Amino acid sequence: MERGLRARCAALITHNTLQQEGADISQSILYTALMGLLLVADKEKEVNLTLGSGQIGLCNVGNTCFLNSMVQCLSHTRTLRDYCLQKKYHQEVSSRRKTELMDAFSEVLSDLWTTDMSTAVHPGNFNTIFKESVPHFIGYSQQDAQEFLRFLLDRLHSEINRTSPQNQPISDLPESKYNKLREDKKAMLMWKHYLEREDSKIVDLFAGQLKSSLRCSSCGHESTTFDVFYDLSLPIPKGNVSGGRVSLKDCLTLFSQVEELKSDNAPMCDRCGKHTDSTKKLTIQRFPKILVLHLNRFSASRFSISKSTATVSFPIHHLDLGDYGTECAGKVLYNLYAICNHCGTVHIGHYTAYCQQERGWFCYNDSRVSPISESQLQSNQAYVLFYEME
Ligand SMILES: [Zn+2]
């Protein structure tokens, strides 16, 4: 069976039947990709994990509720969890590579999913190694969970990046040629360039691509840029800062609506050669498998930070993001599986996590774990939402 598949792949490549007209992929890349797929399929078959209930909390080792709640959310990201528990990264990167943080993180996950009856897990070692890796986090009493997540994913990624630093991007196109490409080709090329440098399980799961279109109001010139994101930070509509109710859709609409930029705030127009009044619009060009939505409750003014306590209602099943993608996106559906909550004020607050398991939803409040019904998930404390593509 497997040999038959390999032969079929080889035949497909030789006969060029997979190459669409105008596609700029070489035979060797295609071959590597297909063989890679086969290898992945082989490895997936090996999966045979014996998991515990996952209903184990994390001790607070000194204002670490931000860390505990995010680790629980990541621990319920099944593909990532299984990858860590099987230490698959050892097969993907050189054995000389230092994977200290990844090892410590995987250790915590393996304790959280042990089949032994267990008390709360002590994340001290992981916490210490993380702080050594991100000194910025030392000595802060209240940490932002979202900021922690960004640093953590970034550091884990750099430890398990499958490309080596010596790998210089190969396919650079002269700007004049690039500018003539169709938008979707530009997006594809930028994505390919990104993967030549950054390629890991973290990228596989969390990375998406955002398109930013800028239009000069004075000459009408349009330019686009493509950026990779690991989460989307959504604004909460104003006027609802002190209570009130908005929907996730309201936040997404505000995020993706055309924004007017005054000339002193706008980038330089390529055609006019100066800063002009412009409009800017964000579109999701490429959707990630795991979508992290940050409800940006904290807004900083010149002298203080305030927190919005608006209740943002969000769908648990079948969130459709098609409207925020490119025209040909169609329906793009996601299901919720974890929430990081923040309660309290800017200065004194506490983080908890709600995570979905086979037996329903559970609340992780540091070392305490308790069941929670689906109807209790929505509150004015929801801060970071974790969705998985259907
Ligand atoms: Zn212009």
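Everything below is about the structure shown above.
What you are looking at is a predicted structure, and each value in this text was computed from that prediction instead of being measured.

Colleague: Can you help me understand the overall build of the protein in this one?
Modeller: Secondary structure summary: the protein contains 12 helices and 16 strands in total. Here the protein holds 390 residues, and the buried ones make up 43% of them. The long-range fraction of contacts in the protein, counting pairs at least 24 apart against all pairs at least 6 apart in sequence, stands at 67%. Per element, the accessible surface of the protein, about 20900 Å² overall, is 51% carbon and sulfur.

Colleague: Looking at this structure, I do not really get the coordination of the zinc ion. What am I missing?
Modeller: For a metal bound by four donors in a tetrahedral arrangement, the ideal donor-metal-donor angle is 109.5 degrees, while six donors in an octahedral arrangement ideally sit at 90 or 180 degrees. Looking at the zinc ion, the protein donor atoms are C216 (SG), C219 (SG), C269 (SG) and C272 (SG), and they sit 2.3 to 2.4 Å from it. Around the zinc ion, the 4 donor atoms are arranged such that angles at the metal cover 104 to 112 degrees; this shape is classified as tetrahedral. Positions of the donor residues of the zinc ion along the chain correspond to the pattern C-x2-C-x49-C-x2-C. Judged by relative accessible area, which is 28%, C219 ranks as partly exposed.

Colleague: Please explain unusual backbone geometry as it appears in this structure.
Modeller: Leaving glycine aside, a negative phi is the common case for residues, and trans is the common case for peptide bonds. For H318, which is not a glycine, the phi torsion comes out positive at approximately 55 degrees. A positive phi angle is found at D366, which is not glycine, with a value near 45 degrees. Mapped onto the secondary structure, D366 falls in the loop between β14 (360-365) and β15 (368-372).

Colleague: Can you walk me through the environment of F229 in this structure?
Modeller: One can find F229 in strand β2 (residues 222-229). Under the relative-accessibility criterion, F229 is labelled buried at 6%. A C-alpha to C-alpha distance of 9.6 Å links F229 and V203, two positions 26 residues apart in sequence. The residues contacting F229, other than those within four sequence positions of it, are F206, A207, G208, Q209, L210, I284, R286, P288 and L291.

Colleague: Explain the packing of helix α4 (residues 78-85) against helix α6 (residues 100-112) to me, please; I cannot follow it from the model alone.
Modeller: For any two helices packed against each other, one specifies the crossing angle of their axes together with the interaxial distance. Put simply, α4 and α6 touch, their axes get as near as 9 Å, and they point 110 degrees apart. What the angle tells us is that α4 and α6 run roughly perpendicular. On the side of α4, the interface is formed by L80, R81, Y83, C84 and L85, while α6 contributes M102, F105, S106, L109 and S110.

Colleague: Mind showing me how you'd approach the packing of aromatic side chains here?
Modeller: Think of a pair of aromatic rings as described by two things: how far the centres are apart, and how the planes are tilted against each other in angle. This model, assessed by the stated rule, comprises 8 aromatic pairs. Geometrically, the ring pair formed by F66 and F148 is edge-to-face, given 5.4 Å between the ring centres and 80 degrees between the ring planes. Within this pair, whereas F66 is found in helix α3 (residues 65-75), its partner F148 is found in helix α8 (residues 145-160), the two being separated by 82 residues in sequence. A relative accessible area of 5% means that F66 is categorised as buried. Here F148 falls in the buried class, since its relative accessible area comes to 0%. These aromatic residues form a ring-pair network of at least three members: F66, F130 and F148. Over the face of the ring belonging to W113 we find R81, whose NZ or CZ atom lies 4.4 Å from the ring centre.

Colleague: Help me out: how do you make sense of the environment of D199 in this one?
Modeller: On the secondary structure map, D199 appears in the loop between α10 (183-197) and α11 (201-206). We classify D199 as partly exposed; its relative accessible area is 22%. Along the chain, D199 and S158 lie 41 residues apart, while their C-alpha atoms are 9.1 Å from each other. Leaving out residues up to four positions away in the same chain, D199 has contacts with H157, I160, N161, R162, T163 and D204.

Colleague: I tried to follow the nonpolar core on my own but got confused; where do I start?
Modeller: Among soluble globular proteins, nonpolar side chains are generally buried collectively. By size, the foremost hydrophobic cluster in this structure holds 52 residues, and its most contacted members are F126 and F386. With 35 residues, the next largest nonpolar core counts L210, L252, F255 and L319 among its residues.

Colleague: Just checking my understanding: could you explain the pairing of strand β12 (residues 333-344) for this structure?
Modeller: Along any regular strand the residues' side chains alternate between the sheet's two faces. Both strand β11 (residues 319-320) and β12 contribute to a ladder of 2 bridges, which runs antiparallel. Looking at the pairing, L319 lines up with Y334 of β12. Pairing between β12 and strand β16 (residues 382-389): 7 bridges, direction antiparallel. Within β16, the position partnered with I339 by the bridge is L385. Across 7 bridges, the pairing between β12 and strand β13 (residues 349-357) is antiparallel. Considered in β13, the bridge of I339 is made with Y354. Where β12 folds back onto β13 in an antiparallel hairpin, the turn is made up of 4 residues.

Colleague: Sorry if this is basic, but what is going on with the pattern of salt bridges here?
Modeller: Note on pairing: side chains with opposite charge can pair once their charged atoms come close. According to the stated counting rule, one finds 14 salt bridges in the structure shown. One salt bridge connects R162 with D199, and the closest N-O pair in it is separated by 2.8 Å. Placement of R162 in the loop between α8 and α9 (175-180) and of D199 in the loop between α10 and α11 is noted, with a sequence separation of 37 residues between them. Taking the shortest distance from any N to any O, the salt bridge between D184 and R182 comes out at 2.8 Å. For D184, a relative accessible area of 38% gives the class partly exposed.

Colleague: Could you clarify how one ought to interpret the state of the cysteines in this entry?
Modeller: Here, disulfide denotes a covalent bond that connects the sulfur atoms of two cysteines. Overall, the coordinates contain 0 disulfides when judged by the stated rule. Between C363, a cysteine without a disulfide, and C355, which holds the nearest cysteine sulfur, the sulfur-to-sulfur distance is 9.0 Å. You can call C363 buried: its relative accessible area is 14%.

Colleague: It is not clear to me how α4 should be interpreted in this structure. Could you clarify?
Modeller: For an α-helix the count is 3.6 residues per turn, leaving residues at separations of three or four pointing the same way. For α4, a buried count of 6 out of 8 residues is recorded, marking the element as mostly surrounded by other parts of the structure. L80, R81, D82, Y83, C84 and L85 are the residues of α4 that are buried. Tucked inside the fold, the buried residues of α4 contact α3, α5 (89-92), α6, α8 and α11.

Criteria and cut-off values
- Residues numbered from 1 in each chain as written.
- Predicted model: local features only at pLDDT ≥ 70, side-chain atom pairs only at ≥ 80, totals over all residues.
- Heavy atoms only, no water.
- Helix = DSSP H or I, 4+ residues; strand = E, 2+ residues; numbered from the N terminus.
- Buried < 20%, exposed > 50% of the residue type's maximum accessible area, 1.4 Å probe, protein only.
- Contact = heavy atoms within 4.5 Å.
- Areas by Shrake-Rupley, 256 points an atom, 1.4 Å probe, with all protein chains shown as cover.
- Donors = N, O, S within 2.8 Å, 3.2 Å for Na, K, Ca; no water.
- Tetrahedral: all angles 85-135°; square planar, octahedral: opposite > 155°, others 65-115°.
- Axes fitted to C-alpha atoms, helices over the stretch in contact; angles between N-to-C directions.
- Parallel < 35°, antiparallel > 145°, perpendicular 65-115°, else oblique.
- Phe/Tyr/Trp six-rings, centres within 6.5 Å; stacked < 30°, edge-to-face > 60°.
- Lys NZ or Arg CZ within 6 Å of the ring centre and 35° of its normal.
- Core = buried A, V, L, I, M, F, W, Y, C linked by side-chain atoms within 4.5 Å.
- Pairing = 2+ DSSP bridges.
- Salt bridge = Lys/Arg side-chain N within 4 Å of Asp/Glu carboxyl O.
- Disulfide = S-S within 2.5 Å.

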